[in-house]
Amino acid sequence: MDEKPCCSCHPNKERSEEEVKALIHRLNRIEGQIRGIRGMVERDAYCVDILTQVSAASAALSSFTKVLLANHIRTCVAQDIRDGNDETIDELVTTLQKLMR
């Protein structure tokens, strides 16, 4: 019997090379922003300037989250629902509740 792995059953997800590259690119930019903020703190930059950069980094991380969530819904969740694994809906609801805190 051929069983397809589902996200709720397996801790790993295969991503296309293109998806991985795009996600890593976003994370590298966020990491650079965080390093820049640390440097501003070390240089005693003006608080408002630091807060502006923190806001930009936070928005970038939020954008990353939205992209990853959309990919998850389009792939893992959709496939699990097609396969009759309704437990994935509960997992998605729990995940969304955590993200909305």
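The coordinates are above.
Residues numbered from 1 in each chain as written. Predicted model: local features only at pLDDT ≥ 70, side-chain atom pairs only at ≥ 80, totals over all residues. Heavy atoms only, no water.

Some details on the overall build of the protein
Piece 1. Looking only at helices and strands, one finds three helices and zero strands in the protein.
Piece 2. Listing every helix and strand of the protein by position from the N terminus yields α-α-α.
Piece 3. In the protein, buried positions account for 20% of the 101 residues.
Piece 4. In the protein, the proportion of contacts linking residues at least 24 apart, taken out of those at least 6 apart, comes to 62%. (Helix = DSSP H or I, 4+ residues; strand = E, 2+ residues; numbered from the N terminus. Buried < 20%, exposed > 50% of the residue type's maximum accessible area, 1.4 Å probe, protein only. Contact = heavy atoms within 4.5 Å.)

Focus: helix α2 (residues 47-82)
Residue pairs three or four apart in sequence face the same way in an α-helix, which turns once every 3.6 residues.
Piece 1. Taking 1.5 Å per residue, 36 residues should reach 52 Å; α2 reaches 51 Å between its end C-alpha atoms and fits that length.
Piece 2. Maximum bend of α2: about 35 degrees, positioned at Ile73.
Piece 3. Buried residues along α2 sit in contact with α1 (17-42) and α3 (87-99). (Expected span 1.5 Å × (residues − 1). Bend = angle between axes of the 7 residues up to and from the residue.)

Thoughts on a nonpolar patch on the surface
Piece 1. A cluster of nonpolar side chains, Val20, Ile24 and Leu27, forms an exposed patch at the surface whose accessible area comes to about 210 Å².
Piece 2. Structurally, Leu27 can be placed in helix α1.
Piece 3. Residue class for Leu27 comes out partly exposed when judged on its relative accessible area of 33%. (Patch = residues over 30% accessible without salt bridge, like charges linked within 9 Å, V, L, I, M, F, W, Y side chains within 5 Å. Areas by Shrake-Rupley, 256 points an atom, 1.4 Å probe, with all protein chains shown as cover. Salt bridge = Lys/Arg side-chain N within 4 Å of Asp/Glu carboxyl O.)

Observations concerning the packing of α1 against α2
Piece 1. Contact pair α1 / α2: the axes reach a minimum separation of 10 Å and the direction vectors enclose 165 degrees. With respect to α2, the element α1 is oriented roughly antiparallel. The element α1 and its partner α2 pack so that their crossing is left-handed.
Piece 2. Partitioning the contact of α1 with α2 into residue classes produces 16 nonpolar, four polar and three charged. (Axes fitted to C-alpha atoms, helices over the stretch in contact; angles between N-to-C directions. Parallel < 35°, antiparallel > 145°, perpendicular 65-115°, else oblique. Left-handed = near helix turned anticlockwise from the far one by under 90°. Nonpolar A, V, L, I, M, F, W, Y, C, P; charged D, E, K, R; others polar.)

What about unusual backbone geometry?
Piece 1. Despite not being glycine, Asp44 shows a phi value in the positive range, around 60 degrees.
Piece 2. With a relative accessible area of 68%, Asp44 lands in the exposed category.

Looking at the packing of α2 against α3
Piece 1. As a packed pair, α2 and α3 sit with axes 10 Å apart at the nearest point and diverge in direction by 165 degrees. Judged by the inter-axis angle, α2 sits roughly antiparallel to α3. α3 is crossed by α2, and the crossing has left-handed handedness. Contacts between α2 and α3 involve Thr65, Leu69, His72, Ile73, Val77, Asp80 and Ile81 on the former and, on the latter, Thr88, Ile89, Glu91, Leu92, Leu96 and Leu99.
Piece 2. When grouped by side-chain class, the residues that make up the contact of α2 with α3 number eight nonpolar, three polar and two charged.

Read these as layout, nothing more, since geometry by itself doesn't imply function.
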